[in-house]
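Each chain, written out:
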Amino acid sequence: MIQTSFRNWALDETPASRSQANWGRRYRIWLSLKSNPLAMIGLGIILLFALLSLLAPLIAPYDPSLQNLGNRLARPSAVHWFGTDELGRDILSRILFGGRVTLGMVVSVVAVVAPIGLAVGCVAGYMGGVVDSVLMRITDVFLAFPRLILALAFVAALKPGVESAILAIALTAWPPYARLARAETMTIRNTDYVAAYRLTGASRWRIMLRHIAPLCVPSLIVRTTLDMSSIIITAASLGFLGMGAQAPSPEWGAMIATAKRFIFEQWWVATIPGMAIFMVSLAFNFLGDGLRDVLDPKQN
Amino acid sequence: MIKVDQLRISFGTHEVVRGVSFDVAKGGSFGIVGESGSGKSTVLRAMAGLNEDWSGRIAFDGTDAPLKRPPAFFRQVQMVFQDPFGSLHPRQTIDRILSELLLVHKLPDVEKRIKQALSDVALPQTVRFRYPHQLSGGQRQRVAIARALIAEPQVLLLDEPTSALDVSVQAEILNLLADLRQARNLTYVLVSHNLAVIAHLCPQLGVMLNGEMVEQLSADDLRAGRTKHAHTSALRTLSIDLEEPA
């Protein structure tokens, strides 16, 4: 009932207020995303993992750091669904709590990276000239390093841990976003509608913030979603190399790292966190592809 | 009202406008006609303040316009663009597009002014919260005109305001522009490659060729064929041939 009335309200061809027009646009985007099964599978998996991680303290069967040396490296069973690791800790509980660390890192990285990339790209693209050259050469410098190596160097220079890992990944991940935002801005800045806004007497910053940046956001969202999987893998790699989350913390990459000694004898210890990383990365890729179809500014 | 004197504009080393001069009286209407690339749109963009790199003199109401215009300038002079599909922000509602100038200049009664602007250009109030892609070409151009008028300008610069529209819609927009000029005592500068459009709206016109204004004459002279420059005669003959294919 509420659903149908919202639907009619949002899809009204002649909206009567600002919010109705905005909701109408959002609802149309949602409808076209909903018609893409792969994107919905991706979204479902991501929401499932997010929910499981958030509710970990309530649903995890054991304390993730509870050791039981008498029951170490146990096979998956009814008691321990995913088995136990080398210290007898329940792997299912560690995966659930590990989701908080790994996904938390990814979200923090994106929350830092996307706005920085957008700001640098928009300013460089719209201002042009010297500002553009300086900002883009800085971007080039960051782009010239392999991502993981640079992140490793940053973490080593700070101190190994989750916060430094977030900072390091963020510092290495923003340049492609800046490039993308700049390219978008360059195609937008010479259009007539931007010229029309210049004729209102608005400042350059106002035009950038209110009229240009919002048009760059869709392609950045798509890029971010597709980039999520590589951020997860970088975060996990740092954990694997001992530069990310530290020992008792159940980070997925670190879990694989400690399991590498018995990967052939007790396969589940390394495979389960690997599966988790794989599932989430794949889900983000599915969602990203779907969003690209829906949000592409060149369409509609 | 408008005085343009020895206006010169270069892009790099290439001089696109070479010393153009003309005057327009208050409430008058001046047409600039020429082929593509003759520099006519460039003149208009420099007058509007979109091009900040020119030499010569552009004056409105006796005041010389500086290279970089102050915000108050845009309450006096506004512009309507050629392509109504490219001149409206694709992700903003008509409401938002119209309100921007009011917000920048912190004008009161935003609500009332937007409603008034829509009815001034004979658009129904229902389009207010729609997006540009939901409107027809003619409706979009009306929105673009409303956006210019909401500043309550004295001068309206029109860059081929009808060339992207269907013939039937062209007439509607031209009549709307003619009515608005009379009602508000606006001063127009209209750029077009279409002599019929210019002659319909402008009693005076100038012909541009390769960045120079080669002839200024009245619309009556043009109709009667009293042209002096060969290019004007050529344009006139071409226009007549196109109108009445023999």
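Given the structure is predicted, the values throughout are model-derived calculations rather than measurements.

**Some words on the interface of chain A and chain B**
Right, so step 1: Contact with chain A, which involves 26 residues of that partner, is made by 34 residues of chain B.
Right, so step 2: Across the chain A/chain B interface, buried area totals approximately 2,800 Å², and carbon plus sulfur atoms make up 53% of it.
Right, so step 3: At the junction of chain A with chain B, the criterion picks out 4 salt bridges.
Right, so step 4: A salt bridge links B:Arg45 to A:Asp192, with the shortest nitrogen-to-oxygen separation between them at 4.0 Å.
Right, so step 5: Where chain A packs against chain B, one counts 13 residue pairs in polar contact (both at pLDDT 80 or more).
Right, so step 6: Mapped by element, the contributors of at least two residues to the side of chain A that touches chain B are helix 2 (18-34), helix 9 (192-198) and helix 10 (204-240) of chain A.
Right, so step 7: Here the side of chain A that touches chain B gets 6 residues from one element, more than from any other, and that element is helix 9 of chain A.
Right, so step 8: For the side of chain A that touches chain B, the class distribution of residues is 11 nonpolar, 7 polar and 8 charged.

**Focus: the layout of surface pockets**
Right, so step 1: Looking at the largest pocket, its volume works out to about 740 Å³.
Right, so step 2: Considering the residues around the largest pocket, the lining is formed by 27 residues, among which A:Arg25, A:Arg26, A:Ile29, B:Arg91 and B:Tyr131 are closest to the centre.
Right, so step 3: Among the elements that make up the lining of the largest pocket, the one with the highest residue count is helix 2 of chain A (7 residues).
Right, so step 4: For the lining of the largest pocket, the residue count by class is 10 nonpolar, 8 polar and 9 charged.
Right, so step 5: Roughly 600 Å³ of internal volume is contained in the second largest pocket.

**Considering empty space enclosed by the protein**
Right, so step 1: Counted by the stated rule, this structure contains 2 cavities of 30 Å³ or more.
Right, so step 2: Estimates place the volume of the largest cavity at around 60 Å³.
Right, so step 3: Surrounding the largest cavity, A:Trp9, A:Ala10, A:Asp12, A:Pro15, A:Gln20, A:Ala21, A:Gly24, A:Arg25, A:Arg28, B:Tyr131 and B:Gln134 form its lining.
Right, so step 4: When residues of the lining of the largest cavity are traced back to their parent elements, those giving at least two are helix 1 (2-10) and helix 2 of chain A.
Right, so step 5: Top element by residues in the lining of the largest cavity is helix 2 of chain A. It accounts for 5 residues.
Right, so step 6: When the residues that make up the lining of the largest cavity are grouped by side-chain class, the tally is 5 nonpolar, 3 polar and 3 charged.
Right, so step 7: The computed volume of the second largest cavity comes to approximately 50 Å³.
Right, so step 8: A:Asp85, A:Glu86, A:Arg89, A:Ile91, A:Arg94, A:Met255, A:Thr258 and A:Val269 are the residues that line the second largest cavity.
Right, so step 9: Elements that contribute at least two residues to the lining of the second largest cavity include exactly helix 5 (91-127) and helix 11 (252-259) of chain A.

Calculation criteria
- Residues numbered from 1 in each chain as written.
- Chains lettered and ligands numbered in written order.
- Predicted model: local features only at pLDDT ≥ 70, side-chain atom pairs only at ≥ 80, totals over all residues.
- Heavy atoms only, no water.
- Contact = heavy atoms within 4.5 Å.
- Buried area = accessible area lost by both parts, 1.4 Å probe.
- Salt bridge = Lys/Arg side-chain N within 4 Å of Asp/Glu carboxyl O.
- Polar contact = N/O pair within 3.5 Å; in protein donor to acceptor, adjacent residues only side chain to side chain.
- Helix = DSSP H or I, 4+ residues; strand = E, 2+ residues; numbered from the N terminus.
- Nonpolar A, V, L, I, M, F, W, Y, C, P; charged D, E, K, R; others polar.
- 1 Å grid on protein atoms, 1.4 Å probe; cavity = no way out; pocket = protein on both sides within 12 Å on 5 of 7 lines; lining within 4 Å.
- Points joined across faces, edges and corners; volume = space filled by probe spheres on them.

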